[in-house]
Amino acid sequence: MSFSFALRVVIVGPNLAKEKLFELYKCDGYVNAFLHIRWWHANLEKVAEFVPKSGTILDLGCGYGFMSNYLALESPERKILGVELSERKAQYARKGLPNVNILSKDIMNINIPPCDAILFLDLLHHLKSYQEQANLLDYCTKMLSPTGTLIVKEINEEPKLKFLLAFLIDNLLYPGDRFYYGSEVVWKLFLEQFGLTVTFHPIHKGKPLSHVVYVGRIR
């Protein structure tokens, strides 16, 4: 697969990047509405602060491409690869930005260069088991460059009321599914298995759900 980008966008600050992002989705109906809701409650601008300003960034399970396109708009020195199994979502994610490539494929079947950062945004707790989480993390950490960063945004089990609200929403949106959450201690120990030094960052202040970020760097 070809993995080249022509970088022709100008660097912008977070506020302008957000404005440009919302402009990209303004004609997308319910996806546009979902962008506004998710951007508010998930504090994605805070998540973006942990992402390197340059290099190859893999956004795994990128969905409608909100974060992939935002990161590309914020810095032209980022080469964004968004991977999403749903072709329907991937079509919305493809906004024509020169430093974004959106693929609708299984990550296990893609050859890509070493990544400077890999993002898992609310992805891991939706997998089918803790073993599937481990298998995916093991596979992906091997794709990190020696100075690469693994960024995991998850739902924390504390504060309890915010966690219960997140659990209720997941069950309403995905009825019948089982969700594989974890506490701060459990996630840190889990991620450290893969040779990472992990830091924990709550980002839910002023937000209704218990969003947190784990940043892992190769030891």
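The sections below set out a description of the structure shown in this document. No experiment lies behind these values; they were computed from the predicted model shown. (Residues numbered from 1 in each chain as written. Predicted model: local features only at pLDDT ≥ 70, side-chain atom pairs only at ≥ 80, totals over all residues. Heavy atoms only, no water.)

**A few points about unusual backbone geometry**
Only a minority of non-glycine residues have a phi that is not negative, and only a minority of peptide bonds are not trans. Let me state the cut-off plainly: By the criteria applied, helices consist of DSSP H or I runs no shorter than four residues and strands consist of E runs no shorter than two, each listed in order from the N terminus. Relative accessible area decides the class of each residue, using a 1.4 Å probe on protein chains only: under 20% of the type maximum gives buried, over 50% gives exposed, and in between gives partly exposed.
Geometrically, the link from Glu-158 to Pro-159 is a cis peptide bond, its omega value of -5° lying close to zero. Counting through the fold element by element, Pro-159 comes out in the loop between strand E5 (144-155) and helix H7 (160-173). A positive phi is found at Asn-43, a non-glycine position, where the angle reads about 55°. On the secondary structure map, Asn-43 appears in the loop between helix H2 (30-42) and helix H3 (44-48). Although it is not a glycine, Asp-122 adopts a positive phi angle of roughly 55°. Along the chain, the position of Asp-122 falls in the loop between strand E4 (115-121) and helix H6 (130-141). Residue classification places Asp-122 among the buried residues on the basis of a relative accessible area of 14%.

**Let's talk about the sheet that holds E4**
The following threshold applies: When DSSP finds two or more bridges between a pair of strands, those strands are recorded as paired. An axis is simply a line fitted to the C-alpha atoms; with a helix, the fit covers only the stretch in contact. Between two such axes, the angle follows the N-to-C directions and lies from 0 to 180 degrees.
Spatial ordering of the open sheet is given by E3-E2-E1-E4-E5-E7-E6, a layout of seven strands whose pairing is mixed. Two strands lie at the open edges of the sheet, namely strand E3 (100-103) and strand E6 (196-202), each paired on one side alone. Each neighbouring strand pair of the sheet contributes to a mean axis angle of 15°, computed without reference to strand direction. Pairing of strand E1 (residues 55-60) with E4, which is carried by four bridges, proceeds in the parallel orientation.

**Digging into the pairing of strand E2 (residues 78-83)**
Threshold: Crossovers are described as right-handed under a simple rule: with the strands pointing away from the observer, the path leading from the first strand over the helix to the second runs clockwise.
In terms of burial, E2 is a largely internal element, five of the six residues being buried. Sheet analysis places E1 next to E2, joined by six bridges and oriented parallel. Bridge pairing links Thr-56 to Lys-79 in E2. In this fold, E1 hands off to helix H4 (residues 66-74), which returns the chain to E2; that crossover is right-handed. Across four bridges, the pairing between E2 and E3 is parallel. Residue Ile-80 lies in a different strand from E3, and its bridge partner there is Val-100. Following the backbone out of E2, through helix H5 (residues 87-93) and into the adjacent parallel E3, one traces a crossover that is right-handed.

**Quick notes on the pattern of salt bridges**
When charged atoms on two side chains of opposite charge get close, those side chains can pair. Using the following cut-off: The rule for a salt bridge is simple: a side-chain nitrogen of Lys or Arg has to be within 4 Å of a carboxyl oxygen of Asp or Glu.
Scanning the model with the defined rule gives ten salt bridges in all. Lys-53 is the salt-bridge partner of Glu-74, the closest N and O atoms lying 3.5 Å from each other. Taken together, the residues span a long stretch of sequence, with Glu-74 in helix H4 and Lys-53 in the loop between H3 and E1 at a distance of 21 residues. Exposure remark for Lys-53: the relative accessible area of 48% places this residue in the partly exposed category. Its salt-bridge partner being Lys-153, residue Asp-122 comes within 2.7 Å of it at the nearest N-O pair.

**Notes on the packing of helix H1 (residues 14-24) against H4**
Threshold: The cut-offs work like this: below 35 degrees is roughly parallel, past 145 is roughly antiparallel, 65 to 115 is roughly perpendicular, and the gaps in between are oblique. Whether a crossing is left-handed or right-handed is set by the direction in which the near helix is turned from the far one by less than a right angle, anticlockwise for left-handed and clockwise for right-handed. Residues are treated as being in contact if the distance between any of their heavy atoms lies within 4.5 Å. Classification convention: Asp, Glu, Lys, Arg as charged; Ala, Val, Leu, Ile, Met, Phe, Trp, Tyr, Cys, Pro as nonpolar; all other residues, Gly among them, as polar.
It is the contact of H1 with H4, at a shortest axis distance of 9 Å, that shows an interaxial angle of 130°. Classified by the angle their axes make, H1 and H4 are oblique. Considering only the axes of H1 and H4, their crossing is right-handed. Contacts between H1 and H4 pair Pro-14, Ala-17, Lys-18, Lys-20, Leu-21 and Leu-24 from the former with Phe-66, Asn-69, Tyr-70, Leu-73 and Glu-74 from the latter. Taken together, the residues that form the contact of H1 with H4 break down as seven nonpolar, one polar and three charged.

**Here we look at the packing of H1 against H2**
At their nearest, the axes of H1 and H2 sit 9 Å apart, and the two run at 155° to each other. Between H1 and H2, the angle is such that the two are roughly antiparallel. Only Asn-32, Leu-35, His-36 and Trp-39 of H2 make contact with H1, whose side of the interface consists of Lys-18, Leu-21 and Phe-22. Among the residues making up the contact of H1 with H2, the classes are represented as four nonpolar, two polar and one charged.

**What about the side chain of Ser-210?**
Our working definition: Identification of polar contacts relies on pairs of N or O atoms within 3.5 Å, with a donor-acceptor requirement for protein atoms, meaning one able to donate a hydrogen and the other able to accept it, and with residues adjacent in sequence counted only if both atoms are side-chain atoms.
Relative to the elements of secondary structure, Ser-210 occurs in the loop between E6 and strand E7 (211-218). With relative accessibility at 0%, the residue Ser-210 sits in the buried group. Of the polar contacts made by the side chain of Ser-210, one reaches the backbone oxygen of Asn-156; its length is 2.7 Å. When neighbours within four sequence positions are excluded, Ser-210 is seen to be in contact with Glu-154, Ile-155, Asn-156, Glu-158, Pro-159, Lys-162, Phe-163 and His-204.

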